[in-house]
Every structure is written in C-alpha cells, then in structure tokens.
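# Fold and contact review
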Amino acid sequence: MECFTRRDFLRTSLVGAGMVAAPRWLCANATPSFRGTDVVPLGKTGIQVTRLAQGTGFNGYNHSSAHTRQGKAAFDRLLRRSLDQGIRFIDMADLYGSHEFVKDVIRGLPRDRFALLTKLWPRKESWVTPSGGAKEEIDRFRRELGVEQIDVCLIHCMQNDRWPTEYARIRDDLSDLKQKGVVRAVGVSCHDLGALRVAASHPWVDVIFARINHKGGQEYACDASVEEVSGVLKTARANGKAVVGMKIFGAGKLVKPNEKDASLRYVFTNGLVDAITVGMLKPEEVDDTLRRMEKLSAAS
C-alpha cells in the first residue's frame, strides 16, 4: 500500500461538495501534526474526525446558544466556512438548539464527509422534559438533523461521580442504539472532576468531553487544577477512551494570541486529547484557529 504523509494529503486532497475528502491512513512514522484539518481516529470507536471540531454551543442554555442566536444566515456562513476549510467534525447538543441549523447546511452533502456529535440533556428543565431514556431523544435528534445515524451521543454535563447509576436507563438505551447502529459511539461530557475520573475508566464510555486548557481551575472553566485534570486525561487515553478537549480558550477568557497558542500547545504536545472543539462564532475565528494549529504543527 502506498503511504501518504499529512503534507502529501493536504497537497493532493480532493474537494467535493465543499468538504475535504478524508484519508483512510497516514504514515506511521510521519512527523506529529496538530493541524485542525488532520483526520485522526476518535479513540477506538472506528470514527474518523478532524482534530478541530466546529462547536455550536458557546454560552448555550434553554435550547439556544450564541451561535443560534446569531440567526440562520450567520450560522450558515459560519458552518459552511468551517466545512469549506476542511473541518469535518460538528459538535452539537439538544441544549444548544443547533440540530436544525446544522441540518440545513449538511443537506445533500455526502454523509461520510463529516462526523456528527450531539449531547442528550438528562435533567428536567423549563425547555425539556426528558423521557428518562434515550430512544425518544435520539429519534428526535435524527429527525432534526435529517440523518439516519448519529456518530457520537454523549450524556450532557455530568456533575458528580454517581452518573453511571443515576443515568443507567439512558446508558442502557444508548447501548442498545449503538448495537443497532443508530449511534456509533457513546460517552459523557464532564463538568466535575469526580465525574471525569469515573469516565476515564468506566467500560461503557467510548468518548469523553473534558474541560482542559493550560491554566486550569474554575476561573478558566476547568474542573480542577491543570495538573489534576491532565493526569485524569492521560489515564483516560491509556484506557483507550477518546478524549475531546473543550474550553481550550477558557470559555472566552483566554483570548490573547499568546494565550491561545499556549493552550493549544499544552493540550496537544502533552498528548491529552484526540481532538478539540472550539465554539468559533465567526468565519474569521475559524481561519484564526486553523492558522494557530498550523503554526503549532510546523513548530513540532
């Protein structure tokens, strides 16, 4: 089999339907690369994603987010820019109300050109009354997205180490849907160190969303000190869990160029994540994040 390096791929990639085609393999001895458009395996799930995901939930609450509150036209421009630039990983959630916004952009695109990740909110709120399981929710999510299969579904915002018991029915439903091929991988997004520690070793978990940046601590939207969170993430990856980093830029608090660069460098060069999600709100922010990841890759 002929072997391509990432540089070869970037030079020769085919562009179709506004997205960059994904490579199926890369040289094992290629220089480590942290470009946002590098296509990498998501842990042991068999799912291919880009290192950078387009987030859709900045300041998300009550079935809306800063992304959806911009309106459909702005959302369309943003997501199309991400896809045109080669990002093939889309991060959504019921909480954000972003499914139907995404649906209008991906309609007609080849399904194997992007990976869809969403999150199920498990607690009753003014905007949602959960079924207690996952089957009704996943059926609704698929209708809202106009797809038959969702690549990854996470139980959203785990806040303690008891989540496996508290949400056992949701886990059982997601396991059944995974077995049937409706969902390809399952897991949790964590907003608590105890929840994260459990996820790092729990056999049910395929994918973990974890809050991590080079500062750490609650001030920068992390669950504990940077050293504590980093240690848990290394354990998770050693256990074969896929880790997607979130709050890389501290939920909007790490906005200076040197801060952004330092956080990207920390999470990638320390091997803490498979990929990251960034809630880029404007096409210019997409371009900026990709440039910073390109610069990090060139310096590695």
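Criteria and cut-off values
Residues numbered from 1 in each chain as written. Predicted model: local features only at pLDDT ≥ 70, side-chain atom pairs only at ≥ 80, totals over all residues. Heavy atoms only, no water. Helix = DSSP H or I, 4+ residues; strand = E, 2+ residues; numbered from the N terminus. Buried < 20%, exposed > 50% of the residue type's maximum accessible area, 1.4 Å probe, protein only. Contact = heavy atoms within 4.5 Å. Arc of directions from axis to C-beta. Polar contact = N/O pair within 3.5 Å; in protein donor to acceptor, adjacent residues only side chain to side chain. Core = buried A, V, L, I, M, F, W, Y, C linked by side-chain atoms within 4.5 Å. Axes fitted to C-alpha atoms, helices over the stretch in contact; angles between N-to-C directions. Parallel < 35°, antiparallel > 145°, perpendicular 65-115°, else oblique. Left-handed = near helix turned anticlockwise from the far one by under 90°. Pairing = 2+ DSSP bridges. Expected span 1.5 Å × (residues − 1). Salt bridge = Lys/Arg side-chain N within 4 Å of Asp/Glu carboxyl O.

## Some details on the side chain of D76
Checked against the element boundaries, D76 lands in helix α3 (residues 72-84). By relative accessible area, D76 is classed as buried at 12%. Leave out the neighbours within four places in its chain, and D76 touches F101 and V105.

## Focus: helix α8 (residues 193-201)
Along α8, the residues classified as buried are L193, A195, L196, A199 and A200. In an axial view of α8, the angular spread of the buried residues amounts to 155 degrees, which keeps them on one side of the axis. Buried positions along α8 lie against β8 (150-158), α6 (163-166), β9 (183-190), β10 (207-211) and α9 (226-238). Residue D192 occupies the N-cap position of α8, its side-chain oxygen lying 2.9 Å from the main-chain nitrogen of G194.

## Quick word on the nonpolar core
General note: in soluble globular proteins, nonpolar side chains tend to be found buried as a group. Among the nonpolar cores identified, the biggest contains 68 residues, and L174 and I276 are the most heavily contacted of them. Contacts of I276, omitting those with residues within four sequence positions, involve R51, L52, A53, V244, G245, I248, L264, V267, F268 and M293.

## Concerning the packing of α3 against helix α4 (residues 99-106)
It is at 10 Å that the axes of α3 and α4 come closest, and there the two elements cross at 55 degrees. Considering their axes alone, α3 and α4 lie oblique with respect to each other. Pair α3 / α4 crosses with right-handed handedness. The residues of α4 that touch α3, namely those facing K72, F75, D76, L79, R80 and L83, are F101, V102, D104 and V105.

## Side note on the sheet that holds β10
Taken in spatial order, the eight strands close into a barrel running β5-β6-β7-β8-β9-β10-β11-β12, and their pairing is parallel. Taking each pair of neighbouring strands and ignoring which way they run, the sheet shows an average axis angle of 25 degrees. Judged from the two bridges that link them, strand β5 (residues 52-55) and strand β6 (residues 89-91) form a sheet pairing that is parallel. Paired with Q54 across the bridge in β6 is I90. Where helix α11 (residues 283-299) meets the sheet, its contacts fall on β5 and β12 (275-278), and the angle it forms with β5 comes to roughly 160 degrees.

## Examining α9
Between its terminal C-alpha atoms α9 stretches 18 Å, which fits the 18 Å expected from 13 residues at 1.5 Å a residue. Turning to α9, its buried residues are V226, V229, S230, V232, L233 and A236. Across the axial projection of α9, the buried residues extend over an arc of 165 degrees, all falling on one side. Opposite the packed face of α9, turned more than 90 degrees from it, sit the exposed residues E227 and A238. Packed against the buried residues of α9 are α8, β10, β11 (242-246) and α10 (257-269). Count one or two residues on from α9 and you reach G240, which has phi positive near 85 degrees.

## Observations regarding the pattern of salt bridges
Counting across every chain of the model gives 24 salt bridges. The partner of R184 in a salt bridge is D151, with the nearest N and O atoms 3.1 Å apart. With R184 in strand β9 and D151 in strand β8, this pair connects stretches of sequence that are 33 residues apart. The class for D151 is buried, based on a relative accessible area of 2%. One salt-bridge network, held together by shared partners, links K260, D261, D288, R291, R292 and K295.

Keep in mind that these numbers describe shape and distance, not what the molecule does.
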